[in-house]
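Descriptive analysis of the structure
Listed below, chain by chain, are the residues.
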Amino acid sequence: MDLLLLFFLPLASCLLPLAAYHTRAVHRMGQGGIPKFLQKPGDMMQTRPFLLRIGVVACAVVLTLCGAFVTRTRTSRSIPAASDAPPPRVIVLDAGHGGIDGGCSSAAGDVEKDINLAILLDLRELLRASGYTVVVTRDTDRSIHDEGVEGIANQKGSDMDNRLAIFNSAEGALCVSIHQNQFTDPQYSGAQMFYSDTNRESAVLAEALQQQFVAFLQPDNTRQTKLCGKELFLCYYSKNPTVMCECGFLSNPDEAARLVTPEYQRQVAFTIYAALVQYTAQGH
Ligand SMILES: [Zn+2]
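First, a word on scope: everything that follows refers to the structure included in this document. (Residues numbered from 1 in each chain as written. Predicted model: local features only at pLDDT ≥ 70, side-chain atom pairs only at ≥ 80, totals over all residues.)

1. Here we look at the overall build of the protein chain
As a reminder of what qualifies: Here a strand is any run of E in DSSP of at least two residues, a helix any run of H or I of at least four, and the numbering for each starts at the N terminus. Three exposure classes are used, all based on how many other C-beta atoms lie within 10 Å of a residue's own C-beta (placed from the backbone): buried at 20 or more, exposed at 12 or fewer, and partly exposed between those limits. Each residue gets a C-beta atom placed from its backbone, and two residues are in contact if those atoms lie within 7 Å.
Along the protein chain, the regular secondary structure elements total eight helices and six strands. Order of helices (α) and strands (β) in the protein chain, N terminus to C terminus: α-α-β-α-β-α-β-β-α-β-α-β-α-α. Residue burial in the protein chain is summarised as follows: out of 284 residues, 30% are buried. Taking all contacts inside the protein chain whose residues are at least 6 apart in sequence as the whole, residues at least 24 apart take part in 75%.

2. Structural notes on unusual backbone geometry
Its identity as a non-glycine residue notwithstanding, H97 has a phi of 65°, on the positive side. Inspection of the secondary structure puts H97 in the loop between β1 (90-95) and α3 (112-129). You can call H97 buried: it has 25 C-beta atoms within 10 Å.

3. Focus on the packing of α3 against helix α8 (residues 262-281)
Two quantities define a packed helix pair, namely the angle between the helix axes and the distance between the axes. Definition in use: The axes are straight lines fitted to the C-alpha atoms, using for helices just the contacting stretch, and the angles between their N-to-C directions are given from 0 to 180°. If an angle is under 35 degrees, it is roughly parallel; if it is over 145, roughly antiparallel; if it lies from 65 to 115, roughly perpendicular; otherwise it is oblique. We call a crossing left-handed when the near helix sits turned anticlockwise from the far one by less than a right angle, and right-handed when that turn is clockwise. Each residue is assigned to one class: nonpolar for Ala, Val, Leu, Ile, Met, Phe, Trp, Tyr, Cys and Pro, charged for Asp, Glu, Lys and Arg, and polar for all the others, Gly among them.
Where α3 contacts α8, the axes come no closer than 8 Å and their chain directions differ by 50°. On the basis of the axis angle, α3 is oblique to α8. Between α3 and α8 lies a crossing of right-handed hand. Within the contact between the two elements, α3 uses I115, A118, I119, D122, L123, L126 and L127 and α8 uses P262, Q265, R266, V268, A269, F270, I272, Y273 and L276. Grouping the amino acids of the contact of α3 with α8 by side-chain chemistry returns 13 nonpolar, one polar and two charged.

4. Some details on the sheet that holds strand β6 (residues 242-249)
The condition that has to hold: Any two strands between which DSSP finds at least two bridges are classified as paired.
If you trace the six strands from one edge of the open sheet to the other, you get β2-β1-β3-β6-β4-β5, paired in mixed fashion. With partners counted over all chains shown, the strands left at the sheet margins are β2 (133-136) and β5 (226-227), one partner each. With two bridges connecting them, strand β4 (residues 192-195) and β5 associate as parallel partners. In the strand pairing of β5, Y195 is matched with L227. Along the sheet, helix α4 (residues 152-167) contacts β1, β2, β3 (174-181) and β6; its crossing angle with β1, the most-contacted strand, is approximately 160°.

5. Quick word on the environment of Y237
By secondary structure assignment, the location of Y237 is in helix α6 (residues 233-237). A count of 16 C-beta atoms within 10 Å places Y237 in the partly exposed class. Sequence separation between Y237 and L164 is 73 residues, and the spatial gap between their C-alpha atoms is 7.4 Å.

6. Here's the deal with α8
Threshold: A helix is expected to span 1.5 Å multiplied by its residue count minus one.
Compared with the 28 Å implied by 1.5 Å per residue over 20 residues, the 28 Å span of α8 between its first and last C-alpha is a close match. Within α8, burial applies to Q265, V268, A269, T271, I272, Y273, A275, L276 and Y279. If you follow the buried residues of α8, they end up packed against β1, α3, β3, α5 (201-216) and β6. Taken from the residues just after α8, G283 is the one with a positive phi, measuring 85°.

7. Quick word on the environment of V149
Here V149 shows up in the loop between β2 and α4. In this structure, the C-alpha to C-alpha distance between V149 and D159, residues ten residues apart in sequence, is 9.9 Å. Residues in contact with V149, not counting those within four places in the same chain, are N154, Q155 and S158.

8. Notes on the pairing of β1
How we decide: Here the term right-handed applies to a crossover when the path leading from its first strand over the helix to its second strand runs clockwise, the strands being oriented away from the viewer.
With respect to burial, β1 is a largely interior element, five of its six residues being buried. As paired elements, β1 and β2 share four bridges and run parallel to each other. Residue pairing for β2: L93 is matched across the bridge by V136. Note that the unit made of β1, α3 and β2 has a crossover that is right-handed. Taken together, the five bridges between β1 and β3 define a ladder with parallel strand orientation.

In structure tokens:
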């Protein structure tokens, strides 16, 4: 639109005086008269450079106005200065387990770590597209323990320490650790959020997530968010609002069958995304 204006307005401003001149000249010449504004008989041919000068001046004026219009429009559309805008909220996503630690598994043999990662990748894409800064603990199937650490227990400890360091790497970041649940009785299903009271915002974020699971995916889910202690290392020691999101039970065959499909994984990702957007939009 701006470019069209820049092109057509100066063109029109040039052509209109010339068209007017042409019409008037033909009309006057047909009458054998002299243009009145020249006030000088026999000066007919001098009207052309005069009107051309008018056209050039009109062009300059219109170009100036167009330039001012475009500049003003672009300025009004520009992103506010950094000092005016709130800092972008950082979201830390953790795909639970990874590498030799598969987490829990379904009766069909599906492993938790893979479902966690698939949901994380979908969720990261949604959040990034919405302008959030997203940090992840892992985006491949691996443990993130320090190099050179020997033994499974030590590697697990190093892995958890490094995840916690990532959770605390950005002040005020919202942290979501993605997991799947398991229980001895296969009848139980449904998402449940776990949090610690070491950060007061965590309970609010957990509630936002729990409500979105009910609203989007599981209308019959009556589970309550659950306060946890030191046994949930990341939730307890994170300095930022942190929720452990148990998306569903792999011990429930129906829910496990849904959780392994890319479609349902995207729906879970969108549910978590919606909760995070709602939470940040409310000014937390
Ligand atoms: Zn887990």
